[in-house]
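Residue-level listing of the chains:
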Amino acid sequence: WTWMNENKWKLAEQSFERSIQLAPASGLGLRGFAKLRMKQQKWEQAEAKYKEALKTGSVSDAAEAHAELGWCHLRQTEFLAARNAFETAQELDQNCATALAGMATLLLEREQVVEARVTWERALSLDPTLADQWNLAAQIDEHEELEQLHSALGWAWYYRSIYSAAEAQFQLARNKDPNEY
């Protein structure tokens, strides 16, 4: 996991392969390998590894793994499969922010912008780092109705005492709508 987070792909791959060899039934090595493939945007390979990992007992009830599988489907424009994976994740954990962010993005794909904004607000209140992880800024730029998310994101950062990030989001909100304050 450390190698992956440091973008040392080959070392991460070797470590996950070794983990799978040592404990094939644990599923954690498979999940790590799947996450690595996601970071590399190799969606089909990531999907296959997630499906394999979800068959193991240690990962089958992990909401985050189902949500990440949903993102793999979403990136391959497999919208029904993505929705099913996000819903499964939310059934396992109604506060799974990754699943909420995925569902919000899926709603945008279907032009359900108001529902997407509300879902994004909930996801961001749980984990504001999702904005960077799933490129929320691009979605905001594409849909004027999402501009209110700058304020929601500002408050999410503020309540986590990351004031510089909060200030930046509040400034964006104010620039878009001077009445926001």
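The residue count restarts for each chain, going from 1 along the sequence in the order it is written. In keeping with the predicted nature of the model, local features appear solely for residues at pLDDT of at least 70, side-chain atom pairs appear and are counted solely at 80 or more, and the whole-chain, interface and lining totals rest on all residues. Note that water and hydrogens are dropped before the side-chain values are worked out from all heavy atoms of the structure.

A. Examining the overall build of the protein more closely. Think of it this way: any DSSP run of H or I at least four residues long counts as a helix, any run of E at least two long counts as a strand, and we number them from the N terminus. Looking only at helices and strands, the protein has twelve helices and zero strands in total. Helices and strands in the protein line up, N terminus first, as α-α-α-α-α-α-α-α-α-α-α-α. We compute the radius of gyration over the C-alpha atoms and compare it with the globule rule, which gives 2.2 Å times the number of residues raised to the power 0.38. Whereas a compact globule of 181 residues would reach a radius of gyration of roughly 16 Å, the protein reaches 18 Å, a difference of no more than 12%. Referenced to the eigenvectors of the C-alpha coordinate spread, the extents of the protein come out at roughly 60 × 35 × 25 Å. Under the scheme applied here, a residue whose accessible area is under 20% of the maximum for its type counts as buried, over 50% as exposed, and between as partly exposed, the area being computed with a 1.4 Å probe on protein chains only. Each of the 181 residues in the protein was classed as buried or not, and the buried ones make up 44%. Relative to all contacts within the protein whose residues are 6 or more apart in sequence, the contacts with residues 24 or more apart total 48%. Residue-level accessible areas treat just the shown protein chains as cover; the underlying method is Shrake-Rupley with a 1.4 Å probe. For the protein, the accessible surface area stands at approximately 9,800 Å², while carbon and sulfur atoms represent 47% of it. Lys and Arg are tallied as positive, Asp and Glu as negative. Neither His nor the chain termini are counted. Working definition for charges: the position is that of NZ of Lys, CZ of Arg, CG of Asp or CD of Glu. The positive charge centre, built from 19 side chains, and the negative charge centre, built from 27, are 8 Å apart in the protein. Only heavy atoms matter for contacts: two residues are in contact if any of them lie within 4.5 Å across the pair.

B. Quick peek at the pattern of salt bridges. Within this document, salt bridges are pairs made up of a side-chain nitrogen of Lys or Arg and a carboxyl oxygen of Asp or Glu, the two lying within 4 Å of each other. By the definition in use, this model includes eight salt bridges. A salt bridge links Glu68 to Lys35, with the shortest nitrogen-to-oxygen separation between them at 3.1 Å. Pair noted here: Glu68 is in helix 5 (residues 63-75) and Lys35 is in helix 3 (residues 28-39), with a separation of 33 residues, a long-range link. Take Glu68 and Lys35: they sit in the same class, and that class is buried. Here the salt bridges share partners, and the residues they tie into one network are Arg31, Lys35 and Glu68.

C. Local environment of the packing of helix 3 against helix 5. Lines are fitted to the C-alpha atoms to define the axes, a helix being fitted only along its stretch in contact, and any angle between axes, read from their N-to-C directions, falls within 0 to 180 degrees. At a minimum axis separation of 11 Å, helix 3 and helix 5 run at an interaxial angle of 35 degrees. Note on packing geometry: the crossing formed by helix 3 with helix 5 is left-handed. Where helix 3 abuts helix 5, its residues Arg31, Lys35 and Met38 lie against Glu64, Ala65, Glu68, Trp71 and Cys72. Each residue is assigned to one of three groups, with Ala, Val, Leu, Ile, Met, Phe, Trp, Tyr, Cys and Pro labelled nonpolar, Asp, Glu, Lys and Arg labelled charged, and all others, Gly among them, labelled polar. Broken down by class, the residue content of the contact of helix 3 with helix 5 amounts to four nonpolar, no polar and four charged. Crossing handedness: left-handed means the near helix sits turned counterclockwise from the far one by under a right angle, and right-handed means the same turn made clockwise.

D. Quick look at the packing of aromatic side chains. The rule is short: rings of Phe, Tyr and Trp, with Trp giving its six-membered ring, pair when the centres are within 6.5 Å, and they are stacked under 30 degrees, edge-to-face over 60, tilted in between. What the rule picks out here adds up to six aromatic pairs. Geometry around Phe33 places Lys49 over its ring, the cationic atom sitting 4.9 Å from the centre. By definition here, charges over rings are those cases where NZ of Lys or CZ of Arg is within 6 Å of the ring centre and within 35 degrees of the ring normal.

E. Structural context of the nonpolar core. Among the buried residues, those of types Ala, Val, Leu, Ile, Met, Phe, Trp, Tyr and Cys that are joined through side-chain atoms within 4.5 Å form a nonpolar core. Counting residues in each nonpolar core, the largest one holds 45 residues, and the members touching the most others are Met38, Tyr50, Phe86, Trp120, Leu124, Leu136 and Leu149. When residues of this core are assigned to their parent elements, the largest contribution, nine residues, is made by helix 7 (residues 97-109). Excluding residues within four positions of it along the chain, Leu149 makes contact with Arg117, Trp120, Glu121, Leu124, Leu136 and Ile140.

F. Quick peek at helix 2 (residues 9-22). Its 14 residues place the ends of helix 2 20 Å apart at the C-alpha level, agreeing with the 20 Å of an ideal helix rising 1.5 Å per residue. All buried positions along helix 2 are accounted for by Ala12, Glu13 and Phe16. All buried residues of helix 2 lie within an arc of 100 degrees about the axis, which places them on one face of the element. Away from its buried face, by an angle of more than 90 degrees, helix 2 presents the exposed residues Lys10, Gln21 and Leu22. As for helix 2, its buried residues are in contact with helix 1 (2-5) and helix 3. Expected span, for any helix, means 1.5 Å times one less than how many residues it has. To be clear, the arc concerns the directions from the helix axis to the C-beta atoms.

G. Region of the structure containing the side chain of His150. Relative to the helices and strands, His150 resides in helix 11 (residues 149-159). Take His150: its relative accessible area is 7%, and that puts it in the buried class.

H. A nonpolar patch on the surface, seen in detail. Patches here: salt-bridge-free residues with over 30% relative accessible area, like charges joined within 9 Å, nonpolar side chains (Val, Leu, Ile, Met, Phe, Trp, Tyr) joined within 5 Å. Side chains of Trp155, Tyr158, Tyr159 and Tyr163 sit close together on the surface and give an oily, nonpolar patch of about 500 Å² of accessible area. Sort the elements by how many residues they give to the nonpolar patch and helix 11 lands first, with three residues. Checked against the element boundaries, Tyr163 lands in helix 12 (residues 163-176).

Function-wise, these values are silent; they only describe arrangement.
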